[in-house]
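# Residue-level structural notes
Each chain is listed here by its residues.
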Amino acid sequence: MAESAGHAAVDVASAMVTVPIAPLDAIIVAPTLITLLFGSVLLMARKRPETQAPLGIAGLLFLTAATAGILARVVTGGPLTMTMGSWLPPFGITFAVDALGASFAFVSSVVALVVGVFASRGLRRVESRYGFYPFLLLMMTGVCNAFLTGDIFNLYVWFEVMLIASFGLIVLGNSKEQLDGAVRYAVLNLLAAAFFLTATGYLYGALGTLNMAEIAIKLREGVPGMPINTITALYILGFGMKAAAFPVAFWLPASYHTPSPSAGAVFAGLLTKVGAYALLRTLIMLMPSEEALYDTFLTALAIGTMLLGSLGAMAHSDFRRILGYLVISGIGVILAGLAIGTAEGLSGGIFYAFHSMIVMSALYLASGLVGQLGGSQDLRKLGGLYGASPLLAGLTLTLVFSVSALPPFSGFWAKILVTEAAMVDGRWWLAGIVLGTGLLNALASGRAFTQIFWRGGPVGTPDGAEKSVPGEIVAEDRAVLFGSLGALTLMSLVIGLWPAPLMRLAEAGAAGLLDPTLYIRAVFGGAS
C-alpha cells in the first residue's frame, strides 16, 4: 500500500472479513432479493389483474424455498452470517440468522404462501388490481428480514418496511371501516416505532455499535453509567405495543377485523409475532440481566395480556373481533414463556408462536368463508352454516380445538410446554392462569362455533327451524379456498401428532438465545 506524504499507511485487515463466504451461504440474502424483485414487478403490472395472483404465488413459493434452505443450512451448520462490504462490526451491517430466526422466517413464509393461494380466489377484483400481492410481497420483505438481520437499527428499518406495506393492505377496499381501523393501527404502531428508535439511539450512544453480537458482548461485560434500565423499558414498551401486549393491545381487535380475510390472516399470523420475536431477541440474548430485573413486570404483562384476550373474546359477538382477542391471548402465553426465562419456558413460548402463526391465520381464512356464506361476522345474524358447508364446519371445529389447546392439535403441546415450565420454576399460579385462560378461549371459540354452525339461523329463529343462508361459494373457487384452509388445518394436526421436529427447533432457538456463543462466533468468525 502506497503511503501519502506525511501519513503512515493504515492496515485495515483486522477490521475486515478476510475469509470468503461460501457460495451457498449467500442464500441468507435470497428472501430480500426475491420479495423486492417480485414486489416491484407486481407493482409495475398492477393494471393487469390477471397476472397478479400467478406472479404473487410464484414469488411466495420462491420465498418459502429460500427460507427452507436457510433453515436447513442453519440446522446442519449453525448460525449463518453475511457482512455487507466485508467490514466487521461496528462498521459493517450484518445479516445473521440462527435457529430462532430461521424457524420464524420459514413458518412465516409457509403461512404467507398458503394465504396467497387463498387470496387468488378470495379477493375482490378491485383488491387484486390495487395491490394485494405487491403489498404482501413487500410486507414479507420486512417480516423475513426482521428475523434475519443482525443489526438492531436495521431491525427498526425492516419493521418500518413491514409497517408501510401493511398500511397498504389494511386500506384495500377503501371502506369507512377500513380507514378507521387503519388510523388506529397506524397511530399505535408509529408510536411503538418511536419508542423503538429512541431506545436504539440511547443504546448506540452508550455502546457505539448497533450490531447485536457486539451489543451482547458489551452488555455482558458491563458498561458503567449506561441507562440500561431506561433502554430496556423503552424496548419492552415499543415491542409490547407491536406485539399487542397488555395494556396497549386494544388497537388490534379494533383494526384487524377491517381488511380482507386474506390480509387479516397474515396480520393475525405474522405481524404480532415479529414484535414477540424482537422481545425474545433483545431481552434474552442482548440484555439477560435486565430480563431478570423486569421478571415481575413481564409476568404481570403476560397475565394481563392473557386475561384481556380471553375475557375480550368472551365478551364480543363479532367473529373476527373474537379472533383478534384470541390473538392477544396467545401473545400472553408467549410472554409467559419469556417471563419464566428458562430454556423450557422459552421453548414453550417459541413453540406457541409457531402454533399461533398457523392456527390464527387459518381461523381468519375461515372467517372469510363464514362471511361469504352467512353475509355477516355478527354471531347474532349467523346460523345454519353446517347445512350449507359441512366441510367448513369440520375445518373450523378442528381449529377451535387447536386454539383451545385440546389434543391432538398443535395448541395442546404449546400450552403443555409453557405450563410445565411454569410449574418446574415454582410458578403454580402462572401455570393455573395459562390453563384457565385456555378454558376461557375454549368457551369463547366454542360459543362462536355453535352459533355460526349448529344454530338453525340468526337470533329469533324458532327451535328446530332452519333458515337458508344468504351466500354461497362458487364451485370453481371451492378447491382453492378449502384447500388453502385445509392445508393450514392439516399442519396443526400434523404438529399435534408429531411435535418432535418443531419442538427441536423451538429448543434450539431457546438455547441460542440463552447462550449466543455460536451466534457471536459466526458474526466475528471471518476476521483474520
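In this section: the overall build of the protein chain. Helix and strand content of the protein chain: 22 helices and 2 strands. Computed over its C-alpha atoms, the radius of gyration of the protein chain comes to 23 Å, within 12% of the 24 Å expected for a compact globule of 528 residues. Seen through its C-alpha atoms, the protein chain measures out along the principal axes to roughly 95 × 60 × 40 Å. Counting only residues that meet the buried cut, the protein chain has 59% of its 528 residues in that class.

Side chains Leu80 and Met82 of strand β1 (residues 80–83) all project onto a buried face; the interleaved residues Thr81 and Thr83 project onto the opposite face, where all are buried too. Summarising the sheet, β1 and strand β2 (residues 94–97) pair through 4 bridges and their orientation is antiparallel. Across the sheet, the residue bridging to Leu80 is Val97, located in β2.

Right, let's get into the packing of helix α3 (residues 99–122) against helix α20 (residues 475–497). Remark: α3 packs on α20, axes separated minimally by 8 Å, with the N-to-C direction vectors making an angle of 160°. With respect to each other, α3 and α20 are oriented roughly antiparallel. Between α3 and α20 the crossing geometry is left-handed. In this structure, α3 uses Val110, Val114, Val117, Phe118, Ser120, Arg121 and Gly122 to contact α20, whose residues at the interface are Glu476, Asp477, Val480, Leu481, Ser484, Leu488 and Met491. Along the lines of polarity and charge, the residues of the contact of α3 with α20 split into 8 nonpolar, 3 polar and 3 charged.

Turning our eyes to something else, we now look at helix α18 (residues 410–424). For α18, with 15 residues, the first-to-last C-alpha span of 22 Å sits near the 21 Å given by 1.5 Å per residue. Listing the buried residues of α18 in full gives Ser410, Gly411, Ala414, Lys415, Leu417, Val418, Thr419, Ala421 and Ala422. Next to the buried residues of α18 lie α14 (319–340), α15 (343–374), α17 (390–403), α19 (428–454), α20 and α21 (500–514). Of the residues flanking the end of α18, it is Gly426, one or two places downstream, whose phi is positive at about 80°.

Here we take up the packing of helix α7 (residues 176–207) against helix α9 (residues 228–243). In a packed pair of helices, the relevant descriptors are the angle between the two axes and the axis-to-axis distance. At a minimum axis separation of 8 Å, α7 and α9 run at an interaxial angle of 155°. Regarding the angle of α7 to α9, the classification is roughly antiparallel. Relative to α9, α7 is oriented so that their crossing is left-handed. Residue-level contacts link Leu188, Asn189, Leu191, Ala192, Ala193, Phe195, Phe196, Thr198, Ala199, Thr200, Tyr202 and Leu203 of α7 to Ile231, Leu234, Tyr235, Leu237, Gly238, Phe239, Met241 and Lys242 of α9.

For the rest of this paragraph, the subject is the packing of aromatic side chains. Taken as a whole, this structure holds 24 aromatic pairs when the rule is applied. Taken together, a centroid distance of 5.6 Å and an interplanar angle of 80° make the contact between Tyr156 and Phe196 edge-to-face. With Tyr156 in helix α6 (residues 152–171) and Phe196 in helix α7, this pair connects stretches of sequence that are 40 residues apart. Taken individually, Tyr156 and Phe196 each receive the classification buried, so the pair is uniform in this respect. Put simply, the rings of Phe153, Tyr156, Phe159, Phe196, Tyr235 and Phe239 pair up and form one aromatic cluster.

Here we come to the environment of Ser310. Its location among the elements puts Ser310 in helix α13 (residues 295–315). Remark: the alpha-carbon pair of Ser310 and Ile328, spanning 18 residues in sequence, is separated by 8.1 Å. Residue contacts for Ser310: discarding those within four places in its chain leaves Ser329, Thr437, Leu440 and Asn441. Here the side chain of Ser310 touches Asn441 through a polar contact of 2.9 Å, side chain to side chain.

About the thresholds
Residues numbered from 1 in each chain as written. Predicted model: local features only at pLDDT ≥ 70, side-chain atom pairs only at ≥ 80, totals over all residues. Heavy atoms only, no water. Helix = DSSP H or I, 4+ residues; strand = E, 2+ residues; numbered from the N terminus. Rg over C-alpha atoms; globule rule 2.2 N^0.38 Å. Buried < 20%, exposed > 50% of the residue type's maximum accessible area, 1.4 Å probe, protein only. Pairing = 2+ DSSP bridges. Axes fitted to C-alpha atoms, helices over the stretch in contact; angles between N-to-C directions. Parallel < 35°, antiparallel > 145°, perpendicular 65-115°, else oblique. Left-handed = near helix turned anticlockwise from the far one by under 90°. Contact = heavy atoms within 4.5 Å. Nonpolar A, V, L, I, M, F, W, Y, C, P; charged D, E, K, R; others polar. Expected span 1.5 Å × (residues − 1). Phe/Tyr/Trp six-rings, centres within 6.5 Å; stacked < 30°, edge-to-face > 60°. Polar contact = N/O pair within 3.5 Å; in protein donor to acceptor, adjacent residues only side chain to side chain.

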